[in-house]
Amino acid sequence: MSSIRFTAKARRGAVALALAAGLAAGVAGCGGGGDDDKKPETTASAPQKDGSDPTPQEGQSDEPQAELKGPSGLILQVTSAERDAGGFVTVNGMLKNDSGKSVTVPSGVRGDETEVIAHGRSLGGATLVDSKEKKRYYVLRDTDGRPLTTTGLANLKAGEALPVFMQFPAPPTTSTDVTLQLPTFASATIKISG
């Protein structure tokens, strides 16, 4: 009788182990790395931090499609908003300090959700508003609650520019013009391609 119990427990353990391994593989495919300063590697268009100078991001044009003016001379220039096959929209741009002095990126840009605040200064408070469908889309998060956006924002020196990205759930394909909102910045309409 005890060997039957042992066999049943072993089978349950094997099933639980296989299920846990499958979930871990799924999480690894969806989430980011363990370091808060690194960006999630969920799309090819997401900027990567590897210690070298940033290169032009794929799909971006020289002319920004929108400019959001923020406090103290900060400007967010949106260079692309691309829909991908996975059901996401990645917004790429440059965060610039257009003032003549060093500026601290305001903590308000990360939003006010406790889970996002816990992961440091980011663009986690950004939203896309689809007026046509009357819906608001928030920045996506990985399984640990980290926002799928540029993180580790601090100070920008006078004239400095930093490549940034934000990833959102994709609105329906019929919605191409949406409004990008970022706390403490003016909002602007952007066009989703793809």
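Overview of the structure. From a predicted model like this one, the values you see are computed outputs, not experimental measurements.

### Let's talk about the pairing of strand 3 (residues 88–97)
Among the 10 residues in strand 3, seven count as buried, and that is most of the element. Relative to strand 3, strand 2 (residues 74–83) runs antiparallel, the two sharing nine bridges. Residue serine 80 lies in a different strand from strand 3, and its bridge partner there is asparagine 92. In this structure, the hairpin formed by strand 2 and strand 3 is closed by a connection of four residues, where glycine 87 is found at a positive phi of approximately 90 degrees. Summarising the sheet, strand 3 and strand 8 (residues 161–169) pair through nine bridges and their orientation is antiparallel. By the bridge assignment for strand 8, asparagine 92 is matched with phenylalanine 165.

### Section: the sheet that holds strand 5 (residues 127–130)
Read across the sheet, four strands follow the order 6-5-9-10 without closing on themselves; strand pairing throughout is antiparallel. Both outer strands of the open sheet, strand 6 (135–138) and strand 10 (188–191), are each paired with one neighbouring strand and no more. For this sheet, the mean inter-axis angle between neighbouring strands, taken without regard to orientation, is 35 degrees. Two strands pair when backbone bridges link them, and strand 9 (residues 177–181) and strand 10 are joined in this way by four bridges, in the antiparallel orientation. Its bridge partner lying in strand 10, valine 178 is registered against isoleucine 190.

What counts and how
- Residues numbered from 1 in each chain as written.
- Predicted model: local features only at pLDDT ≥ 70, side-chain atom pairs only at ≥ 80, totals over all residues.
- Heavy atoms only, no water.
- Buried < 20%, exposed > 50% of the residue type's maximum accessible area, 1.4 Å probe, protein only.
- Helix = DSSP H or I, 4+ residues; strand = E, 2+ residues; numbered from the N terminus.
- Pairing = 2+ DSSP bridges.
- Axes fitted to C-alpha atoms, helices over the stretch in contact; angles between N-to-C directions.

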